[in-house]
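# Chains, contacts and geometry: an overview
If you want the building blocks of each chain, they are given just below.
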Amino acid sequence: MKVLVFDTAAEASAKAFDYFGEALGKGASVFGLATGSTPEKLYEMMTQSDIDFTQATSINLDEYYGLSGSHPQSYRYFMEQHLFNEKPFKHNYLPNGLNENVDEETARYDQIIAENPIDLQLLGIGVNGHIGFNEPGSDFEGKTALVDLTTSTIEANKRFFESVEDVPTKAYSMGIKSIMSAKQILLLAFGESKAEIIKAMVEGPITTDVPASILQNHDNVVVIVDKAAASLL
Ligand code: GLP
């Protein structure tokens, strides 16, 4: 794991932007994308740049179960607002949160991932170590699944909803095995609230208690953090 520490989240996001540019320049065409507040600055930089994704495919990590893509808190809506409306891609894939046929939806998404091997996967990290919505205890060999969100994740994400009752309790998430199959992974984390989990991910044992710790086994991971998130390393 390569860990790059920057004074500010803006500088760290600029570095992540450079990695996207480099990857595109080397022929990368499939980008795994993430939601959450962490990549917002990076997406803003992309929309303000001339980076060209018109021949590229995006595959997002996850989507809330029960929310349509036009719901303001859905991850599809987030991606459209922050990136896709300004930066068109050839294809944008996200799980369909409204598909109640779980076997069909998970198989559909795994097929998309199999047909479009991910060149560069962007990740954030939950305060409990989740990547995508792969919560503590998730199988390292897991593929796309409908997962139960932990209380900690529901609490962390309630800030985007009117009340905690409005936060969906389940989500479709790409599995850890699919994340690990990406050729290159960039994980971004900013702020003091991520310091403990960044330490556990980088320096702790590889354990399903900290899903992101499995990234220690990937041979091309770059962790891009600000000083605050790196403060316990
Ligand atoms: C969400 C997403 C993750 C994201 C994490 C951290 O639950 N499913 O993909 O990395 O939370 O979010 P934030 O960047 O807002 O801290």
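Report follows, based on the coordinates. (Residues numbered from 1 in each chain as written. Predicted model: local features only at pLDDT ≥ 70, side-chain atom pairs only at ≥ 80, totals over all residues. Heavy atoms only, no water.)

What follows deals with the sheet that holds strand β8 (residues 170-173). On the basis of which strands lie adjacent, the open sheet formed by three strands has the order β4-β8-β7 and antiparallel pairing. Among the strands making up the open sheet, the edge pair consists of β4 (62-64) and β7 (145-148). With strand direction ignored, the average angle separating the axes of adjacent strands in the sheet is 30 degrees. The pairing of β7 with β8 spans four bridges and is antiparallel. Bridging across to β8, L146 finds its partner in Y172. (Pairing = 2+ DSSP bridges. Helix = DSSP H or I, 4+ residues; strand = E, 2+ residues; numbered from the N terminus. Axes fitted to C-alpha atoms, helices over the stretch in contact; angles between N-to-C directions.)

Helix α2 (residues 40-47) packs onto helix α1 (residues 9-25) with a crossing angle of 55 degrees between their chain directions and a minimal axis gap of 9 Å. Considered as vectors, α1 and α2 are oriented oblique to each other. For the element pair α1 and α2, the recorded crossing hand is right-handed. Across the interface between the two elements, A10, S13, A14, A16, F17 and F20 from α1 touch K41, L42, M45 and M46 from α2. For the contact of α1 with α2, the class distribution of residues is eight nonpolar, one polar and one charged. (Parallel < 35°, antiparallel > 145°, perpendicular 65-115°, else oblique. Left-handed = near helix turned anticlockwise from the far one by under 90°. Contact = heavy atoms within 4.5 Å. Nonpolar A, V, L, I, M, F, W, Y, C, P; charged D, E, K, R; others polar.)

The values are spatial; any link to function lies outside them.
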